[in-house]
Amino acid sequence: MAFTLWTIFEATVLCLNAVCVLNEERFLAKVGWASWQNVQGFGEPPSVKSQMLNLIKSIRTVMRVPLIFLNIVTIFVKMILG
């Protein structure tokens, strides 16, 4: 299997789908990554955990609508080209 731009695109879409599907109450809270569990004081530098939670929230917020389009494009290309 060749390493092409298409495989990088597919891997990116799959990873973004995986992040968007994570449920905060059912999965992230069990692991200890819920947003209500991450409380830090004023002026403290953000921890790696809080930065990852912010990344997950921003991916969910920003990429929700574009992911629908990207998934449709990926499905059609796979149907046409195999």
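Residues numbered from 1 in each chain as written. Predicted model: local features only at pLDDT ≥ 70, side-chain atom pairs only at ≥ 80, totals over all residues. Heavy atoms only, no water.

Chemist: Looking at this structure, I do not really get the nonpolar core. What am I missing?
Modeler: Looking at soluble globular proteins, one finds that nonpolar side chains tend to be buried together. Grouped together as the largest cluster of nonpolar side chains are five residues: Val13, Leu16, Ile59, Met63 and Leu67. The contact partners of Val13, leaving out residues within four places of it in the chain, are Leu67, Leu70, Asn71 and Thr74. (Core = buried A, V, L, I, M, F, W, Y, C linked by side-chain atoms within 4.5 Å. Buried < 20%, exposed > 50% of the residue type's maximum accessible area, 1.4 Å probe, protein only. Contact = heavy atoms within 4.5 Å.)

Chemist: Would you mind showing me how to read the side chain of Thr7 here?
Modeler: Inspection of the secondary structure assignment puts Thr7 in helix α1 (residues 5–21). At a separation of 2.7 Å, a polar atom in the side chain of Thr7 contacts the main-chain carbonyl oxygen of Thr4. (Helix = DSSP H or I, 4+ residues; strand = E, 2+ residues; numbered from the N terminus. Polar contact = N/O pair within 3.5 Å; in protein donor to acceptor, adjacent residues only side chain to side chain.)

Chemist: Could you clarify how one ought to interpret the environment of Thr61 in this entry?
Modeler: Counting through the fold element by element, Thr61 comes out in helix α3 (residues 48–62). Counting along the chain gives 41 residues from Thr61 to Cys20, while the straight-line C-alpha distance between them is 8.8 Å. From its side chain, Thr61 meets the backbone oxygen of Lys57 in a polar contact 2.9 Å long.

Chemist: For this particular structure, what's the right way to read α3?
Modeler: Every α-helical turn comprises 3.6 residues, leaving residues that sit three or four positions apart pointing alike. Helix length check: α3, at 15 residues, gives a terminal C-alpha distance of 21 Å against a target of 21 Å (1.5 Å per residue), a fit within 8%. When we look at burial in α3, the residues that qualify are Ser50, Leu53, Ile56, Ile59 and Arg60. (Expected span 1.5 Å × (residues − 1).)

Chemist: Would you explain the packing of aromatic side chains in this entry?
Modeler: Two aromatic rings, taken as a pair, are described by how far apart their centres are and by the angle between their planes. For the structure shown, the criterion picks out one aromatic pair. Between Trp6 and Phe9, the ring centres sit 5.1 Å apart and the planes meet at 35°, which makes this aromatic pair tilted. Pair noted here: Trp6 and Phe9 are both in helix α1, with a separation of three residues, about one helical turn. On the accessibility criterion, Trp6 (28% relative accessible area) is partly exposed. A relative accessible area of 25% means that Phe9 is categorised as partly exposed. (Phe/Tyr/Trp six-rings, centres within 6.5 Å; stacked < 30°, edge-to-face > 60°.)

Chemist: I would appreciate a short explanation of the side chain of Thr74 in the present structure.
Modeler: Position of Thr74 among the secondary structure elements: in helix α4 (residues 64–81). When its relative accessible area of 13% is taken as the criterion, Thr74 is described as buried. A distance of 2.7 Å separates a polar side-chain atom of Thr74 from the backbone oxygen of Leu70. The residues touching Thr74, leaving out its near neighbours within four places in the chain, are Trp6, Phe9, Glu10 and Val13.

Chemist: In this structure, what is going on with the pattern of salt bridges? I would like to understand it.
Modeler: Opposite charge on two side chains permits pairing when their charged atoms draw close. Considering all chains together, one arrives at one salt bridge under this definition. Across the pair Glu10 and Lys78 runs a salt bridge whose closest N-O atoms are separated by 3.1 Å. Pair noted here: Glu10 is in helix α1 and Lys78 is in helix α4, with a separation of 68 residues, a long-range link. The exposure class assigned to Lys78 is partly exposed, which follows from its relative accessible area of 39%. (Salt bridge = Lys/Arg side-chain N within 4 Å of Asp/Glu carboxyl O.)

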